Amino acid sequence: MRLVSVVLALSALFLESAPAGLTPEHEAHAVELREHALGSERAYAFLESLTVEVGPRLAGSPGDARAVAWAEKKLTSLGFDKVWREPVAVRGWERGPAQLRVLSPYPQALHITALGGSVATPVEGIRGVVTIFPDLKALEAASPSQVKDRIVFINARMAATRDGRGYGVVVRGRTHGAAVAGKLGARAVLIRSVGTGTARLPHTGVMQYRKGIPRIPAAALSIPDANQLEAMLRRGDVEVHLGLQSRDLGEATSYNVIGEFRGSTRPEELVLLGAHLDSWDEGTGALDDGFGLAVVAEAARLVGAFRSRPSRTVRVVFYANEENGGKGAKAYVNAHRDEFARHVVAAESDAGGGRIWRVDTRFSKRGADAGDVLSRLLGALGIERGTNQATGGPDISILRQYGVPLVTLAQDATTYFDHHHTADDTLDKVDRAALRQNVAAYVVYVWVLANWEGDLRPVP
Ligand SMILES: [Zn+2]
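Residues numbered from 1 in each chain as written. Predicted model: local features only at pLDDT ≥ 70, side-chain atom pairs only at ≥ 80, totals over all residues. Heavy atoms only, no water.

Here we come to the coordination of the zinc ion. The zinc ion binds to the protein through His276 (NE2), Asp288 (OD), Asp350 (OD) and Asp350 (OD); the donor distances cover 1.9 to 2.8 Å. Coordination at the zinc ion is irregular, judged from the four donor atoms that bind it and the angles of 50 to 150° they form at the metal. Within one chain, the residues serving as donors to the zinc ion are arranged as H-x11-D-x61-D. Remark: aspartate 350 occurs in the loop between β13 (343–348) and β14 (356–362) and aspartate 288 occurs in helix α9 (residues 286–304); sequence separation between them is 62 residues. On the basis of relative accessible area, aspartate 288 is assigned to the buried category, the value being 4%. Given a relative accessible area of 16%, aspartate 350 falls into the buried group. (Donors = N, O, S within 2.8 Å, 3.2 Å for Na, K, Ca; no water. Tetrahedral: all angles 85-135°; square planar, octahedral: opposite > 155°, others 65-115°. Helix = DSSP H or I, 4+ residues; strand = E, 2+ residues; numbered from the N terminus. Buried < 20%, exposed > 50% of the residue type's maximum accessible area, 1.4 Å probe, protein only.)

Let us look at the domain arrangement of the protein. Parsing the protein into structural domains produces domain 1 (20–93 + 251–451) and domain 2 (96–245). Each of domain 1 and domain 2 was reduced to a C-alpha centroid, and the two centroids are 34 Å apart. Contact with domain 1, which involves 19 residues of that partner, is made by 23 residues of domain 2. Summing the contributions of domain 1 and of domain 2, the shared interface buries around 1,600 Å²; its carbon and sulfur component is 60%. A per-residue breakdown of the area domain 1 buries against domain 2 is headed by Trp93, Trp357 and Phe417, which together make up 36% of the total. Joining domain 1 to domain 2, the criterion identifies eight residue pairs in polar contact (both at pLDDT 80 or more). Here the element with the most residues in the side of domain 1 that touches domain 2 is helix α12 (residues 416–419); it accounts for three residues. (Domains from an automatic or database assignment. Contact = heavy atoms within 4.5 Å. Buried area = accessible area lost by both parts, 1.4 Å probe. Polar contact = N/O pair within 3.5 Å; in protein donor to acceptor, adjacent residues only side chain to side chain.)

This paragraph deals with the packing of helix α3 (residues 42–53) against α9. Axis separation between α3 and α9 bottoms out at 9 Å; the angle between their running directions is 135°. In terms of axis orientation, α3 runs oblique to α9. Crossing of α3 over α9 shows right-handed handedness. Mapping the contact onto sequence places Arg42, Ala43, Phe46, Leu47, Leu50 and Thr51 in α3 and Ala286, Gly290, Phe291, Leu293, Ala294, Ala297, Glu298 and Arg301 in α9. Across the contact of α3 with α9, the residue classes break down as nine nonpolar, two polar and three charged. (Axes fitted to C-alpha atoms, helices over the stretch in contact; angles between N-to-C directions. Parallel < 35°, antiparallel > 145°, perpendicular 65-115°, else oblique. Left-handed = near helix turned anticlockwise from the far one by under 90°. Nonpolar A, V, L, I, M, F, W, Y, C, P; charged D, E, K, R; others polar.)

The subject of this paragraph is the nonpolar core. One finds Phe318, Tyr445 and Leu449 to be the most contacted residues of the largest nonpolar core, which totals 100 residues. Of the residues forming this core, the biggest block, 13 residues, is contributed by helix α13 (residues 432–451). Ignoring sequence-local partners within four residues, the contact set of phenylalanine 318 consists of Phe46, Ala71, Leu75, Tyr255, Asn256, Val257, Ala275, Leu277, Leu293, Val296 and Ala297. In this structure, Val206, Met232, Leu242 and Trp280 belong to the second largest nonpolar core, which totals 25 residues. (Core = buried A, V, L, I, M, F, W, Y, C linked by side-chain atoms within 4.5 Å.)

Written as structure tokens, this is what we have:
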């Protein structure tokens, strides 16, 4: 056994000039940076500044323009070597008042909010009898005679889980409910909020129309209000009145804001960290995705401010328009396609404010060693090794098709969807210890992969 390792070590010495992996010094630095991150409140200060000084920032809105200016100033003040913005064409949309009244048989108001991108109702509103469906699939199977001139109510329940998979199961009803119901002749669509928790606050989120299908108004009921409507419908027909006054603002320009710390020996190679700058309009975007911005900015800053620079460049991308269009991710691809061979790895923080509990990678077979070192260093933060099938988040998953290796630092999402996309996404929901733990994990990710000797490609 021992002889075999000596032979292997000797052959490695002769075959390669730089040793593969991470040097013991770099590994010690990773531990030092990780421990330093656990004691720092700077990410919280960043997040407080964003939520107080900018607040809501839906792409294409005045708040979004303020967020872009704030981000450039903030990254510059944090000492990034280079900070710049890149234009992203978006479509602006503005929420207006939203009312839903039960007219009969039990007159009362229910709490709703418009889905992002919904058209308004006529000023006098819409009256209609409600037809309930347990989920989008049931609606898709309905006949026009069941739906025509009705107000459709999709009552799909979301389960709370640590990995957040319940969201993907029901979110199609929010995205496509209006198109499916509109095709069948419905007057409007209501959905049970895609969320968990019991607050009487509806969860907004993006919806899409389809070409050639009538555009009908779409709104979400809070979860207690969805229960209330469901209970009424168990007793018989329910007639409601819906009024929405949202507004399309047309074409607008937003920006991806990018900051870099330049690498010492291989500055043309990049380690990317992403999060999104925009937020929904009713909360202050503390969890979605101010938390992610604070994590990636502070992790990069800690590495950039360390006594020695990593070999590779550390690039932070604050993506525009994740919530209502996803145009920031596409604009980044169009502007940086030529650099993707030099994007060594990418990770994204956009899953709320929970602690990180698992690390997934998407590395080549040879890169598995990097996954071993990462998970060894992350183990001290309570993070377990996951799969080699990381998919990234909404903004970086697109990089996979260009062969960019990915890392996902999966956060505990058990309670994330209690506040997600509601007016309650505010700073008081942030757990400072979880924020520090996230920064510590991202610091390890950045440091290890910005100094790693060896290839993580081709990705599986
Ligand atoms: Zn988000």
